[in-house]
Amino acid sequence: MTDDDAPPPTSRSVLDAESDRLAWRLAVDAAGVGAFVWDLVTGDLRWDERLHELFGLDEESFGGTIEAFNRCVHPDDVGRVSDALQRAIATCGDYESEYRVVLPDGTLRWIEARGHAFADHPDGPPVRLVGAAYNTTEVREGEARVGRVLESMSSAFFQLDRSWRFAYVNSEAERLLGATRVHLIGASIWESFPSAVGSSFEEHYRAAVESGEPVTFEAWYPPPLDAWYEVRAWPSPEGLAVYFVDITARRDAQEALDRSAHRLALLASVSEALTATLDPTEGVSRLATRLVPELADWCLVTLVDDPHAADWRRGLRDVGWSHRDPAMEEVLRDYAARRLRAMTDRSYLAQAIREMTPVLMESSASEAVAAVLEPGAARDLLRRLAPFSAAVVPLRARGRTVGVVSVFRDIHRTPFTTDDVSLLEDIGARAALALDNARLYESQRDVSEALQRSMLTAPPQRRGLQVATRYTPAGEAARIGGDWYDAFLQGDATAPTPDIVVVVGDVVGHDVEAAAAMGQVRGLLRGIAVHSGDAPAAILSGLDTVMQSLQLETTATAVVARFEQVTPAGNGAAQVLLRWSHAGHPPALLVDHHGIVTRLADADANDLLLGFDPAAARHEGVVALQAGATLVLYTDGLVERRDRDIEDGIEALERLLAEVAPGTTDLDHLCDRLLGAMASEEQEDDVALLVVRWAPDTA
């Protein structure tokens, strides 16, 4: 079939072609696209109406040549546009350019143009360049506004394309990254910043791109930047947008705050540990365990008895040590036992004591300390401990050195600094005060206890009466009190069977003053009883009167009991009467040979404390003792403690006596059993205990 035989196009196909052209034209018009054709043979440049409008010209005023076009382009962009046109012509390829044009009224407009160079036959030279152009001013102005915002931001910003190359860098990013955008744009981030490879930066950037989710993180970049950054990265189809700020100062401030808080916490911990005990040796041990491993790998704490001694070694004792490695504890213990004797006068310990200033060895501590030790075992042990850095800090309180703390770190730990020494001095000041207080307390306690024990004399001996006594001071957290016991003869000491008076009392108060007051009250009671020969109630009344007359500013509780031997008429066996009186004191307990326990005082028979009212009535009780009867007098420290009130304690003591007293023939053993069962491990108050048994068949 020839062309003449081909059927004519239908009206529908003609309509469709016309519709397509119309639709295309409407789309072009809607987009504001203008078309151009540049005849490369004749030089004619033809624009359509839309393109004339974009340039603000008409067909007559334009001129229709490439030179006329160049006159419309902004002078700064002419060269770049011409180069793009020449490349398209030379390659018979695509043309693409964005440039500014100067409108007749002087305003600027951004135009983006695209086209293609065509030849009439294959491999022939191009004869025309056909293209289109459209207005991008609004887009450019929007980008400019965004750019101005990005440039004015205090945060650094850069845009990475999908090949991880810099597409945009604002001025703050230039400053923080230490590079200009001229060098960065188009460069790979991994090549420009090689330390980012394999770092937290790469990990988070790639995670954001792969997940499509934004990320926020903080990370440190090593020198030359040497800074901490807070980074926010948002993925997009174009690549990755990254905002970041330098937070090095903030991190430094936070670290300083954390160090300060940690310092305060450590100081509080040391203070709490040291003030919880009044034993200097235990306090030193607690100080050592607080410093290791918190501040040091191992340490030694030395007590100084006399910092001004001619021989600085006199009175020095290494009494506390600790090592973070349990396997090295024995080595450190051996070193502590030997090092003081091996130290020369040039030792750092002597220097700290003599000059009362800390010594800092930031490095090579092993060699430095070994140099001031005599050759021998101590030096060999030091080399096994292998310190790299050390600090020796005197512990000073009330103008004198009471101790020295020596701390050491190995080579794997940051060396000691002046800040560490400052912290150790603060710790040392608190530790020194606590240690000095413990020493003062110990000295005062020794004086008080010696005074108190000096007045607790041995009881008298009498046929048929067994007497045992005990006195135990309070635990470390309490103080010496005014508890006492006494036993003495009353009446004619040459008589075959003189009466025996026994007393247990408790002066209100503690320490030396209480012990001294106890001595006065005890002495007065003994003197009144022996001189007057009075019975217990009268003795207590007389003591009350004398205390008021002598203006003794004290109060006390007491129980006084007297053992009186009575010989009945005829040939009857001798009897012993027990007569007693209480002055506000816990009730005396009487246990018969069957284990039945009787309280010798109740609410009615327990009279007013001594030191309040000399006219107060004093009551008295009397009972004839059976053979094997046991009297138990005690102070409240035996039955009262924090976890048990006094009434519960008395009931517990009654049950214990009923169980053990009848079967225990040795009163010393009975006292020990009572103390062991009733007193707590950390005794909070003094205990005075006096036990008397009527055993007529024993000598």
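Each remark here, short or long, concerns the structure printed above.
Here the structure is a predicted model, which is why all the values come from computation and not from measurement.

> Let's hear about the pairing of strand β14 (residues 389–397): which residues, and what values?
A large share of β14 lies buried, amounting to 8 of its 9 residues. Of the pairings in the sheet, the one linking strand β13 (residues 359–361) to β14 comprises 3 bridges and is antiparallel in character. In the sheet register, V359 faces β14, and the bridge partner there is V392. By the bridge criterion, 9 bridges tie β14 to strand β15 (residues 400–409) in an arrangement that is antiparallel.

> Tell me what's going on with the pattern of salt bridges, and back it up with residues and numbers.
Two side chains bearing opposite charge may form a pair once their charged atoms approach each other closely. Under the defined criterion, the tally for this structure stands at 28 salt bridges. A salt bridge links R100 to D77, with the nearest nitrogen and oxygen atoms 3.0 Å apart. With R100 in strand β3 (residues 94–102) and D77 in helix α5 (residues 75–91), the pair connects residues that are 23 residues apart, well separated along the chain. The same class applies to R100 as to D77, namely buried. E647 is the partner of R599 in a salt bridge, and the nearest nitrogen-oxygen pair spans 2.8 Å.

> Summarise the sheet that holds strand β4 (residues 108–119); cite the residues concerned and give the values.
Reading across the sheet, the 5 strands line up as β2-β1-β5-β4-β3 and stay open at both edges, with antiparallel pairing between neighbours. The two strands at the open ends of the sheet, each matched to only one other strand, are β2 (45–47) and β3. Pairwise comparison of adjacent strand axes, ignoring direction, gives a mean angle of 25 degrees for this sheet. Pairing analysis gives 9 bridges linking β4 to strand β5 (residues 126–135), with the strands arranged antiparallel. Considered in β5, the bridge of A119 is made with P126. Set on the sheet, α5 makes contact with β1 (34–39), β3, β4 and β5; between it and β3 the angle comes to about 160 degrees.

> So what about the packing of aromatic side chains? Which residues, and what values?
What describes a pair of aromatic rings is the distance from one ring centre to the other and the angle between the planes of the rings. If you walk through the whole model with that rule in mind, you get 20 aromatic pairs. Summarising the aromatic geometry, the rings of F158 and F166 are spaced 5.1 Å apart at their centres and angled 70 degrees between planes, so their arrangement reads as edge-to-face. When sorted by exposure, F158 lands in the same class as F166, which is buried. The interplanar angle of 85 degrees and the centroid separation of 6.2 Å between the aromatic rings of W298 and Y335 together place this pair among those described as edge-to-face. One end of the pair, W298, is in strand β11 (residues 298–304); the other, Y335, is in helix α13 (residues 329–342), with 37 residues separating them in the sequence. Judged by its relative accessible area of 2%, W298 is buried. Accessibility expressed as a relative area gives 1% for Y335, which makes it buried. In textbook terms, an aromatic cluster arises when at least three aromatic residues are bridged by ring pairs, as seen for F158, F166, F193, F201, Y205, F217, Y221, Y229 and F244. Taking the ring centre of W228 as reference, the NZ or CZ of R251 above it sits at 3.5 Å. Note that R409 overlies the ring of F416, its terminal NZ or CZ placed 4.1 Å from the centroid.

> Which residues make up the environment of P224, and what are the values?
When you line up the elements, P224 lands in the loop between β8 (215–221) and β9 (227–236). A C-alpha to C-alpha distance of 8.8 Å links P224 and G178, two positions 46 residues apart in sequence.

> How would you summarise the sheet that holds β15 if you had to cite specific residues and measurements?
The sheet built from 5 strands is open, its strands ordered β12-β11-β15-β14-β13 with antiparallel pairing. Edge strands, defined here as strands with exactly one partner in the open sheet, are β12 (316–323) and β13. Here the strands of the sheet are splayed against their neighbours by 15 degrees on average, with no regard to which way each runs. Bridge count between β11 and β12: 7 bridges; the pairing is antiparallel. Residue pairing for β12: L303 is matched across the bridge by R317.

> Before we move on, can you summarise unusual backbone geometry with the specific residues and values?
The peptide bond linking P223 to P224 adopts the cis configuration, its omega dihedral lying at 15 degrees. Each neighbour pair has its own omega, and for V292 with P293 the value is 0 degrees, a cis peptide bond. Examined against the element boundaries, P293 turns out to sit in the loop between α12 (280–291) and β11. For A386, which is not glycine, the phi torsion reads 50 degrees and is therefore positive.

> Please set out the layout of surface pockets residue by residue, giving values where relevant.
Its volume calculated, the largest pocket comes out at about 380 Å³. Looking at the largest pocket, it is lined by 14 residues, and the ones nearest its centre are R259, L295, D419, D420 and L423. Secondary-structure elements contributing two or more residues to the lining of the largest pocket are α11 (248–275) and α17 (418–454). Of the residues forming the lining of the largest pocket, the biggest block, 4 residues, is contributed by α11.

> Give me the lowdown on the nonpolar core, citing residues and values where you can.
With 32 residues, the main nonpolar core has W298, Y335 and L349 as its most contacted residues. Elements with a contribution of two residues or more to this core: β11, α13, α14 (348–355), β13, α15 (365–370), α16 (377–385), β14 and β15. It is α13 that provides the largest number of residues to this core, a total of 6 residues. Ignoring any residue separated from it by four or fewer positions in sequence, one finds Y335 in contact with W298, L300, V369, L373, A378, L381, L382 and L385. Among the nonpolar cores identified, the runner-up in size contains 29 residues, and L160, V169, A173 and A196 belong to it.

> Give a description of the packing of helix α20 (residues 646–660) against helix α21 (residues 667–678) that names residues and reports values.
Where α20 meets α21, the closest approach of the two axes is 11 Å, and the angle between their N-to-C directions is 140 degrees. In this view, α20 runs oblique relative to α21, as classed from their interaxial angle. Note on packing geometry: the crossing formed by α20 with α21 is right-handed. Residue-level contacts link G649, A652, L653, L656, L657 and V660 of α20 to L670, R673, L674, A677 and M678 of α21. Here the contact of α20 with α21 is built from residues that sort into 9 nonpolar, 1 polar and 1 charged.

> Before we move on, can you summarise helix α10 (residues 200–211) with the specific residues and values?
Helical geometry: 3.6 residues make up each α-helical turn, so side chains three or four residues apart lie on a common side. For α10, with 12 residues, the first-to-last C-alpha span of 16 Å sits near the 16 Å given by 1.5 Å per residue. Looking at α10, one finds that the buried residues are F201, E202, Y205 and A208. Down the axis, α10 shows its buried residues gathered within 135 degrees of arc, on one side only. Residues of α10 that are exposed and point more than 90 degrees away from the buried face comprise E203 and E210. Buried-residue contacts for α10 involve β6 (156–161), α9 (189–192), β8, β9 and β10 (239–246). For α10, the N-terminal cap is S199; the gap from its side-chain oxygen to the backbone nitrogen of F201 is 3.2 Å. Where α10 ends, the next residue or the one after it, G212, has phi of about 75 degrees, a positive value.

What counts, and where the lines are drawn
- Residues numbered from 1 in each chain as written.
- Predicted model: local features only at pLDDT ≥ 70, side-chain atom pairs only at ≥ 80, totals over all residues.
- Heavy atoms only, no water.
- Buried < 20%, exposed > 50% of the residue type's maximum accessible area, 1.4 Å probe, protein only.
- Helix = DSSP H or I, 4+ residues; strand = E, 2+ residues; numbered from the N terminus.
- Pairing = 2+ DSSP bridges.
- Salt bridge = Lys/Arg side-chain N within 4 Å of Asp/Glu carboxyl O.
- Axes fitted to C-alpha atoms, helices over the stretch in contact; angles between N-to-C directions.
- Contact = heavy atoms within 4.5 Å.
- Phe/Tyr/Trp six-rings, centres within 6.5 Å; stacked < 30°, edge-to-face > 60°.
- Lys NZ or Arg CZ within 6 Å of the ring centre and 35° of its normal.
- 1 Å grid on protein atoms, 1.4 Å probe; cavity = no way out; pocket = protein on both sides within 12 Å on 5 of 7 lines; lining within 4 Å.
- Points joined across faces, edges and corners; volume = space filled by probe spheres on them.
- Core = buried A, V, L, I, M, F, W, Y, C linked by side-chain atoms within 4.5 Å.
- Parallel < 35°, antiparallel > 145°, perpendicular 65-115°, else oblique.
- Left-handed = near helix turned anticlockwise from the far one by under 90°.
- Nonpolar A, V, L, I, M, F, W, Y, C, P; charged D, E, K, R; others polar.
- Expected span 1.5 Å × (residues − 1).
- Arc of directions from axis to C-beta.
- Polar contact = N/O pair within 3.5 Å; in protein donor to acceptor, adjacent residues only side chain to side chain.

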